[in-house]
Amino acid sequence: MVQYSNAGLDASFAALSDATRRGVLEQLGRAEASITDLAEKFNMTLTGMKKHVGVLERAGLVSTEKVGRVRTCKIGPRRLEEEMAWLERYRQLWDARFDELDRVVEELKRKEQVDGRKKRE
Amino acid sequence: MKNRTTVERKSERETVVTRTFNAPARIVFEAWTKPELFKKWWVPKSMGMTLVSCEMDVRTGGTYRLVFGQGMAFFGRYTEVTPHSRLVWTNEEGGDDASVTTVTFEEKEGKTLLVVSELYPSKEALDAAGGAAEALVETFQQLDELLVTLGASAGRA
């Protein structure tokens, strides 16, 4: 069985639980940007944006590099494969459970139709 | 046609699962609240586990207890029961750190949108639940393969 790093997962799920941070990731997926660019784009103070980028950076979803006076942000180094795998396993469990529930529900529907017909007769 | 099951991790402590069922809410609700029906589907056959007893006192403040042949038990309390639309219960087998499950049934044109939200006391607890799901899925896959084999031989017979 593949070993998943839970600490890493926690950090990235926490990072992704915020709409602004998801937006920042999308933005950086298209092009690198400085924190100033991002702050302007998201209509936010420089301090506010620094905090969001900090969370993303600690989760390994974004890396930053200081060139002169400007800090450039880009996607990486981690990707979201582990998160996707976690969700997929969880989804499969519920999917199997719901397939069985579907069977029970169909059975109840048939029974109701039969009972309804009997009552009318 | 089979409907899609979607999963979203809302935060580090909460997951939300949704699926549409082709039946009115009262029927889907019945399958969640009658123990003899609930035990038919809650533990998918492919899990390889058996429910030996399923006691459910489905009313606000009522308790439930599911006991597995393997000696495991799951229990807790219904904190909210609104017929055909909403069920909330606690899962207390983990001690003080109870997780809370909320199920809503939303009927639209004869179909029911089911939303199951699981809120854990901590991210560690949710990760542990993910670990359990991982073990189960592995069992499903093995059994799926077996079923395909059995299905194929039955088809030839």
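Residues numbered from 1 in each chain as written. Chains lettered and ligands numbered in written order. Predicted model: local features only at pLDDT ≥ 70, side-chain atom pairs only at ≥ 80, totals over all residues. Heavy atoms only, no water.

### Description of the overall build of chain A
Cut-off, in case you're wondering: Labels follow the DSSP assignment, with helices taken as runs of H or I lasting at least four residues and strands as runs of E lasting at least two, numbered in each case from the N terminus. Accessibility here uses a 1.4 Å probe with only protein chains present; expressed as a share of the type maximum, an area under 20% marks a residue as buried, one over 50% as exposed, and anything in between as partly exposed. The contact criterion used is simple: two residues touch if any of their non-hydrogen atoms lie within 4.5 Å. Every accessible area reported is derived by Shrake-Rupley at a probe size of 1.4 Å, with residue values counting cover from the shown protein chains alone.
A tally of helices and strands in chain A yields 5 helices and 3 strands. Counted from the first residue to the last, chain A has its helices and strands arranged as α-α-β-α-α-β-β-α. Counting every position in chain A, which comprises 121 residues, the buried fraction comes to 40%. Pairs at least 24 apart in sequence give 49% of the contacts found in chain A among residues at least 6 apart. Summed over its atoms, the accessible surface of chain A is roughly 7,400 Å², and 50% of this surface lies on carbon and sulfur atoms.

### Some thoughts on the pattern of salt bridges
A side chain of one charge can pair with a side chain of the opposite charge when the charged atoms of the two come close. Defined as follows: Salt bridge criterion: a side-chain nitrogen from Lys or Arg within 4 Å of a carboxyl oxygen from Asp or Glu.
The final tally for this structure, using the stated rule, is 12 salt bridges over all chains. As a salt-bridge pair, Glu112(A) and Arg26(B) come within 2.4 Å of each other at their nearest N and O atoms. In this pair, Glu112(A) sits in helix H5 (residues 81–120) while Arg26(B) sits in helix H1 (residues 25–33), so the two residues belong to two different chains. Accessibility expressed as a relative area gives 36% for Glu112(A), which makes it partly exposed. Among the residues examined, Arg26(B) registers a relative accessible area of 37% and is labelled partly exposed.

### Considering the nonpolar core
What counts here: What we call a nonpolar core is a set of buried Ala, Val, Leu, Ile, Met, Phe, Trp, Tyr and Cys residues that are connected through their side-chain atoms within 4.5 Å.
Core analysis: the largest hydrophobic core is formed by 42 residues, its most contacted members being Phe98(A), Leu101(A), Trp32(B), Trp42(B), Leu87(B), Phe105(B) and Leu114(B). With 9 residues, the single largest contributor to this core is H5(A). When residues no more than four places from it in sequence are discounted, the contact partners of Leu87(B) are Phe29(B), Trp32(B), Thr33(B), Val58(B), Tyr78(B), Glu80(B), Val81(B), Thr101(B), Thr102(B), Val103(B) and Phe105(B). Residues Leu16(A), Ala33(A), Ile35(A) and Val53(A) belong to the second largest nonpolar core, which totals 16 residues.

### Brief notes about the confidence of the model for chain A
Residues and elements named next belong to chain A. To keep things clear, this is the line we draw: Scored from 0 to 100, pLDDT reflects the predictor's confidence in each residue.
Across chain A, the average pLDDT comes to 82, with 85% of residues at 70 or higher. Across chain A, the element-wise mean pLDDT spans from 69 in helix H1 (residues 6–16) up to 93 in helix H3 (residues 35–41). A low-confidence stretch, residues 1–5 (pLDDT under 50), is modelled with 8 contacts involving residues beyond four sequence positions or located in other chains.

### Quick look at the sheet that holds strand S2 (residues 62–67) of chain A
All names here are of chain A. Under the convention used in this document: Strand pairing follows a simple DSSP-based rule, namely that at least 2 bridges must link the two strands. Note on definitions: angles span 0 to 180 degrees between N-to-C directions of axes, and those axes are lines fitted to C-alpha atoms, for helices only across the stretch in contact.
Strand order in the open sheet formed by 3 strands is S1-S3-S2, and the pairing between neighbours is antiparallel. What marks the edges here is a single partner per strand, and that holds for strand S1 (33–34) and S2. Pairing of S1 with strand S3 (residues 70–75), which is carried by 2 bridges, proceeds in the antiparallel orientation. Note on S3: the bridge partner recorded for Ser-34 is Thr-72. Contacts from helix H2 (residues 19–30) reach S1, S2 and S3 within the one sheet, and its direction differs from that of S3 by about 90°. Against the sheet, helix H4 (residues 46–58) touches S2 and S3, its axis set at about 120° to S2.

### A word on a positive patch on the surface
Heads up, the rule is: Think of a patch as exposed residues, more than 30% relative accessible area, with no salt bridge, where like charges cluster within 9 Å and nonpolar side chains (Val, Leu, Ile, Met, Phe, Trp, Tyr) cluster within 5 Å. Neither His nor the chain ends is counted toward charge; the positive residues are Lys and Arg and the negative residues Asp and Glu. The location of each charge is read from NZ of Lys, CZ of Arg, CG of Asp or CD of Glu.
On the surface, Lys50(A), Lys66(A), Arg69(A) and Arg71(A) cluster together into a patch of positive charge. Residue classification places Arg69(A) among the exposed residues on the basis of a relative accessible area of 82%.

### Focus on H4(A)
Under the convention used in this document: By this rule, a helix spans an expected 1.5 Å times one less than how many residues it contains.
Relative to the 18 Å expected for 13 residues at 1.5 Å per residue, H4(A) spans 18 Å between its end C-alpha atoms, a close match to the ideal helical length. Of the residues trailing H4(A), Gly60(A) is marked for its positive phi of about 75°.

### Describing the pairing of strand S6 (residues 86–91) of chain B
Each regular strand carries side chains that alternate between the two faces of the sheet. Residue and element names in this part refer to chain B. Across the 6 residues that make up S6, a large majority, 5, are buried. Two strands pair when backbone bridges link them, and strand S5 (residues 73–82) and S6 are joined in this way by 4 bridges, in the antiparallel orientation. The partner of Thr-82 across the bridge, within S6, is Arg-86. The turn linking S5 back onto S6 is made up of 3 residues, and His-84 within it adopts a positive phi angle of 70°. The pairing of S6 with strand S7 (residues 99–108) spans 6 bridges and is antiparallel. Paired with Val-88 across the strands is Thr-102, a residue of S7.

### Considerations on the side chain of Gln27(A)
Residues and elements named next belong to chain A. Tracing the backbone shows Gln-27 in helix H2. A residue is classified by how much of its surface remains accessible, and Gln-27, at 16% relative accessible area, is buried. For Gln-27, the residues in contact, after removing those within four places along its chain, are Leu-38, Lys-41 and Phe-42.

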